[in-house]
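Below are the chains, spelled out letter by letter.
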Amino acid sequence: MSSNWPENLGEAMIIKEKLLMGPGPSNCPPTVLKAAANPLLGHLHPDFCVIMDDVKAGIKHLFQTENELTIALCASGHAAMEATLVNVLEAGEKVVIARNGIWGDRAADIASRAGILVAMMNGNPGKSFSTEDIEEFLAKEKPKAFFITHGESSTGVLQNLKGIGAICRKYNCLFSVDSVAACGGVELKMDEWGIDVLYTGSQKVLSAPPGTAPISFSAQAREAIKNRKTAVQSYYLDVEILGRYWNVDNQPRFYHHTGAVTNIFALREALSFISSKTLEQSWKRHKNCQKKLHEGLKELGLELFVENEDDRLPCVTTIKVPGGVEWAKVTGLMMQNDTIEMAGGLGPTAGKCWRIGLMGYNCTEPNVEKVLWSLKKALESVGYLSQIETF
Ligand SMILES: Cc1ncc(COP(=O)(O)O)c(C=O)c1O
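So, how was this worked out
- Residues numbered from 1 in each chain as written.
- Predicted model: local features only at pLDDT ≥ 70, side-chain atom pairs only at ≥ 80, totals over all residues.
- Heavy atoms only, no water.
- UniProt positions renumbered as here; feature names shortened; annotations may be inferred.
- Helix = DSSP H or I, 4+ residues; strand = E, 2+ residues; numbered from the N terminus.
- Domains from an automatic or database assignment.
- Contact = heavy atoms within 4.5 Å.
- Buried area = accessible area lost by both parts, 1.4 Å probe.
- Salt bridge = Lys/Arg side-chain N within 4 Å of Asp/Glu carboxyl O.
- Core = buried A, V, L, I, M, F, W, Y, C linked by side-chain atoms within 4.5 Å.
- Buried < 20%, exposed > 50% of the residue type's maximum accessible area, 1.4 Å probe, protein only.
- Axes fitted to C-alpha atoms, helices over the stretch in contact; angles between N-to-C directions.
- Parallel < 35°, antiparallel > 145°, perpendicular 65-115°, else oblique.
- Left-handed = near helix turned anticlockwise from the far one by under 90°.
- Nonpolar A, V, L, I, M, F, W, Y, C, P; charged D, E, K, R; others polar.
- Pairing = 2+ DSSP bridges.
- Near = heavy atom within 4 Å.
- Polar contact = N/O pair within 3.5 Å; in protein donor to acceptor, adjacent residues only side chain to side chain.
- Areas by Shrake-Rupley, 256 points an atom, 1.4 Å probe, with all protein chains shown as cover.
- Phe/Tyr/Trp six-rings, centres within 6.5 Å; stacked < 30°, edge-to-face > 60°.

- Per an unreviewed UniProt entry, the protein goes by the name Alanine--glyoxylate aminotransferase and belongs to Oikopleura dioica.
- The annotation that UniProt attaches to the protein under Cofactor (unreviewed entry) is "pyridoxal 5'-phosphate".
- Note on the protein: under the UniProt heading Sequence similarities (unreviewed entry), the record states "Belongs to the class-V pyridoxal-phosphate-dependent aminotransferase family."

Structure (structure tokens):
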């Protein structure tokens, strides 16, 4: 081991601005970055507690919930997925996981590691689940909880959540939803739709830096937690203890961990940014930009991965890579020439698709035009557009 510090650390860190049009993180508004540059406060300082309260109130509105236990984890979306599973389920209990992309797999991995029994409800990548299929599966498996992904960012599928809550109630099962890649960009009503556990990530539609994850638990979910026979295996993700740090139920604040003060400042500002418009306006803007993007892609002769229009997630569009085109060459050219990020596929779409994100601050018509312009140039460079023009 060298006795000297790595030389690079002595050099200035220079980050050049890029337009992040992948499936997240998306760019932050300047006000959000500025909020993160504020002087630190102690994680239990009264001024910081006010900011935490603002964040709780903002998440409640974003999720459309009155749930008391509504907080932000100082951790990424994966931690929220884990918190969802390990709080409402104990080792030996059963969860049904709807799987039509990578996030179902990830949830199953997390649950299995905690000794939770997983019944996998396999769907088709590129298609959402029907309420009939869900009901049939729940009736057969009788799980304690059902887990589904609202916006499958690996495949670009939007899951319709309406009606699932009632089915879960019928089979006495908790309804948990991953809305990391959809919340804020599409209609979502936690209480009205009977969702028991809901979470999202800061770095997608909220356009805050990665590292915080809003999450909420219904009264039924909390009842299930209260009735556990064993302690939640993860101290860090035990949401009832965390709730005390967040003053849930007016409990005196309690030191659970040192909150990610700077990231919470940024999340507070991101919630302020999204609150300048109604949720309906945000949902509509995402839909309109999606339409413009899809029309532009069609003009370039490109095909979408998700066939059914209603199944297409406004926040992440998956585009089939045409035969003979090297996907990474195209994304590389876009970054190199135009500093625009477009991503490749993930899980079932890996090597087959590109993914374009339209999220929050980045979801604007000028950005749709920029990404289409850059993609067109890159496709010309690799000879694809000249090919289709000849046909
Ligand atoms: C649907 C979905 N769930 C969970 C995650 C995981 O979030 P994170 O990368 O913040 O841990 C992502 C990230 O892209 C996602 O899109």
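### Side note on the UniProt feature "domain: Aminotransferase class V" (unreviewed entry) in the protein
No. 1: Mapped onto this structure's residue numbering, the UniProt feature "domain: Aminotransferase class V" (unreviewed entry) falls at residues 40-365.
No. 2: Between the end C-alpha atoms of residues 40-365 there is a gap of 36 Å, over a span that is 38% helix and 16% strand.

### Concerning the domain arrangement of the protein
No. 1: The domain boundaries assigned to the protein delineate domain 1 (19-24 + 278-390) and domain 2 (30-274).
No. 2: Between domain 1 and domain 2, the C-alpha centre-to-centre distance is 28 Å.
No. 3: Opposite the 24 residues of domain 1 that make contact, domain 2 presents 33 residues.
No. 4: Per-residue buried area on domain 1 facing domain 2 is highest for Leu279, Trp283 and Leu313; these three make up 28% of the total on that side.
No. 5: Remark: the boundary between domain 1 and domain 2 carries zero salt bridges.
No. 6: When residues of the side of domain 1 that touches domain 2 are traced back to their parent elements, those giving at least two are helix H10 (279-299) and strand E11 (316-320).
No. 7: The leading source of residues in the side of domain 1 that touches domain 2 is H10, at four residues.

### Quick notes on the nonpolar core
No. 1: In this structure, Leu73, Leu85, Phe146 and Ile148 are the most contacted members of the largest nonpolar core, which totals 90 residues.
No. 2: Each of domain 1 (19-24 + 278-390) and domain 2 (30-274) contributes no fewer than three residues to this core.
No. 3: Those residues in contact with phenylalanine 146 that lie beyond four places of it in its chain are Val96, Ala98, Met121, Ile134, Leu138, Ile164, Cys168, Cys173, Leu174, Phe175 and Ser176.
No. 4: Judged by nonpolar contacts, the second largest core, of 28 residues, contains Met21, Leu300, Val321 and Val371.

### Overview of the packing of helix H11 (residues 327-338) against helix H12 (residues 365-381)
No. 1: At their nearest, the axes of H11 and H12 sit 9 Å apart, and the two run at 120° to each other. With respect to each other, H11 and H12 are oriented oblique. For the element pair H11 and H12, the recorded crossing hand is right-handed. Facing H11, whose interface residues are Val330, Leu333, Met334 and Asp338, H12 presents Val371, Trp373, Ser374, Leu375, Lys377, Ala378, Leu379 and Ser381.
No. 2: Among the residues making up the contact of H11 with H12, the classes are represented as eight nonpolar, two polar and two charged.

### Notes on the pairing of strand E14 (residues 353-357)
No. 1: Summarising burial for E14: five of the five residues are buried, a large majority.
No. 2: Neither face of E14 is left uncovered, since the one carrying Cys353, Arg355 and Gly357 and the one carrying Trp354 and Ile356 both have all their residues buried.
No. 3: When strand E13 (residues 343-344) meets E14, the two strands line up antiparallel, connected through two bridges. By the bridge assignment for E14, glycine 344 is matched with tryptophan 354.

### As for the pattern of salt bridges
No. 1: Scanning the entire structure with this criterion turns up 21 salt bridges.
No. 2: Across the pair lysine 60 and glutamate 68 runs a salt bridge, and its minimum N-O distance is 3.8 Å.
No. 3: The class for lysine 60 is partly exposed, based on a relative accessible area of 21%.
No. 4: Judged by relative accessible area, which is 37%, glutamate 68 ranks as partly exposed.

### What to know about the site of the ligand
No. 1: The environment of the ligand is formed by Ser76, Gly77, His78, Trp103, Thr149, Gly151, Ser153, Asp178, Val180, Ala181, Gln203 and Lys204.
No. 2: At 2.7 Å, a side-chain N or O of histidine 78 approaches an oxygen atom of the ligand.
No. 3: Coverage of the ligand by the protein amounts to 88% of the 390 Å² it exposes when considered alone.
No. 4: Class assignment of the residues belonging to the shell around the ligand gives a composition of three nonpolar, seven polar and two charged.

### Some remarks on the packing of aromatic side chains
No. 1: According to the stated counting rule, one finds four aromatic pairs in the structure shown.
No. 2: Both rings, one in phenylalanine 273 and one in tyrosine 361, keep their centres 5.6 Å apart while their planes meet at 80°; by these two values the pair is edge-to-face. Within this pair, whereas phenylalanine 273 is found in helix H9 (residues 261-274), its partner tyrosine 361 is found in the loop between E14 and H12, the two being separated by 88 residues in sequence.
No. 3: Taking the relative accessible area as the measure of exposure, tyrosine 361 reaches 32% and is therefore partly exposed.

### Considering the sheet that holds strand E2 (residues 69-73)
No. 1: Taking strand neighbours across the sheet as the criterion, the seven strands line up as E2-E10-E9-E8-E5-E3-E4 in an open arrangement whose pairing is mixed. The open sheet is flanked by E2 and strand E4 (117-122), the only strands paired with a single partner. In this sheet, adjacent strand axes meet at a mean angle of 20° when their direction is disregarded.
No. 2: Together, E2, strand E9 (197-199) and strand E10 (213-217) form the strand contacts of helix H2 (residues 46-63), whose direction differs from that of E2 by roughly 110°.

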